[in-house]
Amino acid sequence: MNPYFYIFFKFSQFLNKQRDNEWGPIAAMTFFTGQYLFIAYGVFFNINESNFSENKIVLFTIGISLFIFNSIIFLNKKRAEEIIEFYNEESQTKKNIGNFFVILYMVLPLGWILLL
């Protein structure tokens, strides 16, 4: 499987314990992945406070597109169950390493925002 699915699995463990609502993990995936995309877009196109208003529509479109992409991928119950079943068998050591990387995935963009 791929790292994007693993992050979905970790968010599902935390936000969707009964496996009856994938919207929480989808929103979390969109939020944190969107931060990376917004930072990359801002650095690449040199966005600052003076020209931010000109780029609002583009950033909004990127966010909505990412949400739709995540919804298409993870609202498929069969795929979501396959992801959860695939990663549910991991050992405690792998869980700890995975938790570290997911926390790093969530904290890095916040640090970048503060530094930029």
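Quick notes on the rules
- Residues numbered from 1 in each chain as written.
- Predicted model: local features only at pLDDT ≥ 70, side-chain atom pairs only at ≥ 80, totals over all residues.
- Heavy atoms only, no water.
- Salt bridge = Lys/Arg side-chain N within 4 Å of Asp/Glu carboxyl O.
- Helix = DSSP H or I, 4+ residues; strand = E, 2+ residues; numbered from the N terminus.
- Buried < 20%, exposed > 50% of the residue type's maximum accessible area, 1.4 Å probe, protein only.
- Expected span 1.5 Å × (residues − 1).
- Contact = heavy atoms within 4.5 Å.
- Polar contact = N/O pair within 3.5 Å; in protein donor to acceptor, adjacent residues only side chain to side chain.
- Core = buried A, V, L, I, M, F, W, Y, C linked by side-chain atoms within 4.5 Å.
- pLDDT = per-residue confidence, 0-100.
- Axes fitted to C-alpha atoms, helices over the stretch in contact; angles between N-to-C directions.
- Parallel < 35°, antiparallel > 145°, perpendicular 65-115°, else oblique.
- Nonpolar A, V, L, I, M, F, W, Y, C, P; charged D, E, K, R; others polar.
- Patch = residues over 30% accessible without salt bridge, like charges linked within 9 Å, V, L, I, M, F, W, Y side chains within 5 Å.
- Areas by Shrake-Rupley, 256 points an atom, 1.4 Å probe, with all protein chains shown as cover.

Novice: Where do I start with the pattern of salt bridges in this structure?
Specialist: Side chains that carry opposite charge are capable of pairing whenever their charged atoms lie near each other. Throughout the structure, instances matching the rule amount to one salt bridge. Between E90 and K10 there is a salt bridge whose closest N-O contact spans 3.4 Å. Of the two residues, E90 sits in the loop between helix 4 (77–87) and helix 5 (92–115) while K10 sits in helix 1 (residues 3–15), which places them 80 residues apart along the sequence. Side by side, E90 and K10 carry an identical accessibility label, which is buried.

Novice: It is not clear to me how helix 1 should be interpreted in this structure. Could you clarify?
Specialist: Given 3.6 residues per turn, any residue in an α-helix points the same way as the ones three and four places further on. Helix length check: helix 1 (13 residues) gives 18 Å between terminal C-alpha atoms against 18 Å at 1.5 Å per residue, within 8%. Listing the buried residues of helix 1 in full gives Y4, F5, Y6, I7, F8, F9, K10, F11 and S12. As for helix 1, its buried residues are in contact with helix 2 (23–44), helix 3 (56–74), helix 4 and helix 5. Sitting at the head of helix 1, N2 places a side-chain oxygen 3.0 Å from the backbone nitrogen of Y4.

Novice: Can you walk me through the nonpolar core in this structure?
Specialist: Within soluble globular proteins, side chains that are nonpolar tend to cluster in buried spots. Counting 20 residues, the largest nonpolar core has F11, M29, F74 and I83 as the members making the most contacts within it. Only helix 1, helix 2, helix 3, helix 4 and helix 5 provide two or more residues apiece to this core. Sort the elements by how many residues they give to this core and helix 1 lands first, with seven residues. Apart from the residues within four sequence positions on either side, F74 is in contact with Y4, F5, F8, E22, I26, M29, A80 and I83.

Novice: Help me understand the confidence of the model for the protein in this model?
Specialist: Caution applies to low-pLDDT parts of the model: their predicted coordinates are not meant to be read in detail. Looking at the protein as a whole, its pLDDT mean stands at 88, while 97% of the residues score no less than 70. Within the protein, the element-level pLDDT minimum falls on helix 5, averaging 88, and the maximum on helix 3, averaging 93.

Novice: Got a minute to help me understand unusual backbone geometry in this structure?
Specialist: Glycine aside, residues mostly have negative phi, and peptide bonds are mostly found in the trans state. You will see that N46, though not glycine, has its phi angle at about 50 degrees, which is positive. With respect to the element layout, N46 can be found in the loop between helix 2 and helix 3.

Novice: Where do I start with the packing of helix 1 against helix 4 in this structure?
Specialist: Between two packed helices, what matters for the description is the angle formed by their axes and the separation of those axes. Axis separation between helix 1 and helix 4 bottoms out at 9 Å; the angle between their running directions is 85 degrees. Comparing their axes, helix 4 and helix 1 come out roughly perpendicular. In contact with F5, Y6, F8, F9 and S12 of helix 1, helix 4 contributes R79, A80, I83, I84 and Y87. For the contact of helix 1 with helix 4, a count of residues per class yields eight nonpolar, one polar and one charged.

Novice: Looking at this structure, how should I read a nonpolar patch on the surface?
Specialist: Taken together, the side chains of W23, F60, I64, F67, I68, I72 and L75 make up a nonpolar region of the molecular surface, amounting to roughly 680 Å² of accessible area. Ranked by residues supplied to the nonpolar patch, first place goes to helix 3 with five residues. Structurally, the position occupied by I68 is in helix 3.

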